[in-house]
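Read off the chains here:
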Amino acid sequence: MRKLVYGLICGLFIMGLGTDAEEIQTARADDADKCESKPGDEKDLEGEKRLSKFMHEKLTSSQLVLEGLMIEDYEKMQKGAKRMIEMSNATEWQVVEGPIFARQSEEFRSAAKQVIKFAKEKNIDGASLSYLHLTMTCINCHKKVNKVLISQR
C-alpha cells in the first residue's frame, strides 16, 4: 500500500515537473494573450496575471506538502497545507461564484485539513492519501472553472 501511494505521488510530482509556470493558467488567461486587444482588456489581463501568480503560489504550497511527504517532514506538510487553506479563503480564490464552486472550495479545505491532521499524527499513509485527494480536488475544480470561463467568452 505504501509503495502504491508513493508511486502515485511521485507520478504526480513528475507530471508537474514538465509543466512550466506560464502553462498553469486558466484557459481564459492563456488564450487572452493570443487575442487582439480591445478597450478594457488591459484591466482583464492584469486581473488574470494576478490570478496566475496566486495559483502559482498555491502550487508552491502544494509542492511543499509533497516535499514533506517525500522526506517525511511533517512540519513541511502542515505548513504547506495550512497555507493552502489560508489562500482558499482569500478574495483572489473566488474566480467563479456559486454553490458548485463553494462546494469545491470546501472539499479542498477539508482535504487540506486532513493532511494536517495526519501529519500531526505522523501518519505518512494517511497524509499521502489526503494529499492525493487534495490534488484531485484541484484538478476537478480547474476543469469546472475552465469550462465556466470558456462559456463566458
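Residues numbered from 1 in each chain as written. Predicted model: local features only at pLDDT ≥ 70, side-chain atom pairs only at ≥ 80, totals over all residues. Heavy atoms only, no water.

**Q** Tell me about the overall build of the protein, and name the residues and values.
**A** A count of helical and extended segments in the protein gives 6 helices and 0 strands. Element order for the protein, N to C, with α for helix and β for strand: α-α-α-α-α-α. By residue count, 36% of the 153 residues in the protein fall in the buried class. The contacts in the protein between residues at least 6 apart in sequence include a share of 69% that link residues at least 24 apart. As presented, the protein carries roughly 9500 Å² of accessible surface, and 56% of it is formed by carbon and sulfur atoms. (Helix = DSSP H or I, 4+ residues; strand = E, 2+ residues; numbered from the N terminus. Buried < 20%, exposed > 50% of the residue type's maximum accessible area, 1.4 Å probe, protein only. Contact = heavy atoms within 4.5 Å. Areas by Shrake-Rupley, 256 points an atom, 1.4 Å probe, with all protein chains shown as cover.)

**Q** Quick one: what's the story with helix α5 (residues 99-120), residue by residue and with numbers?
**A** In this model, α5 (22 residues) spans 31 Å end to end at C-alpha, consistent with the 32 Å of a helix rising 1.5 Å per residue. Listed as buried for α5 are F101, Q104, S105, F108, R109, A111, A112, V115, I116, F118 and A119. (Expected span 1.5 Å × (residues − 1).)

**Q** Describe unusual backbone geometry, with residues and values.
**A** If a residue is not glycine, its phi is most likely negative; likewise, a peptide bond is most likely trans. Residue E72 is not a glycine yet carries a positive backbone phi of 55°. With respect to the element layout, E72 can be found in the loop between α3 (41-71) and α4 (74-88). The backbone of K122 shows a phi angle near 55°, a positive value even though the residue is not glycine. Relative to the elements of secondary structure, K122 occurs in the loop between α5 and α6 (124-151). The exposed category is assigned to K122, whose relative accessible area is 55%.

**Q** Tell me about the packing of aromatic side chains, residues and numbers included.
**A** Enumeration over the complete set of coordinates arrives at 0 aromatic pairs. The lysine or arginine in question, K117, covers the ring of F118, its NZ or CZ lying 4.3 Å from the ring centre. (Phe/Tyr/Trp six-rings, centres within 6.5 Å; stacked < 30°, edge-to-face > 60°. Lys NZ or Arg CZ within 6 Å of the ring centre and 35° of its normal.)

**Q** Requested: an account of α4, with residues and values cited.
**A** Taking 1.5 Å per residue, 15 residues should reach 21 Å; α4 reaches 21 Å between its end C-alpha atoms and fits that length. Buried within α4 we find Y74, M77, Q78, G80, A81, M84, I85, M87 and S88.

**Q** Break down the nonpolar core for me, citing the residues and quoting the values.
**A** Judged by nonpolar contacts, the single largest core of 30 residues is most densely connected at V65, L69, M77, Y131 and L134. Counting residues per element, the ones that place at least two in this core are α3, α4, α5 and α6. The element contributing the most residues to this core is α5, with 8 residues. Those residues in contact with L134 that lie beyond four places of it in its chain are M84, F108, A111 and A112. (Core = buried A, V, L, I, M, F, W, Y, C linked by side-chain atoms within 4.5 Å.)

**Q** Can you explain the side chain of T137? Please cite residues and give values.
**A** Here T137 shows up in helix α6. By relative accessible area, T137 is classed as buried at 4%. Residues contacting T137, with those up to four places away along its chain left out, are Q104, E107 and F108.

**Q** How would you sum up a positive patch on the surface? Please name residues and give values.
**A** The grouping of R103, K143, K144 and K147 at the surface amounts to a positive patch. Sorting elements by how many residues they give to the positive patch places α6 first, with 3 residues. Residue placement: R103 occurs in helix α5. (Patch = residues over 30% accessible without salt bridge, like charges linked within 9 Å, V, L, I, M, F, W, Y side chains within 5 Å. Salt bridge = Lys/Arg side-chain N within 4 Å of Asp/Glu carboxyl O. Lys, Arg positive; Asp, Glu negative; His and termini not counted. Charge placed at Lys NZ, Arg CZ, Asp CG, Glu CD.)

Remember that the coordinates give geometry; whether it matters functionally is a separate question.
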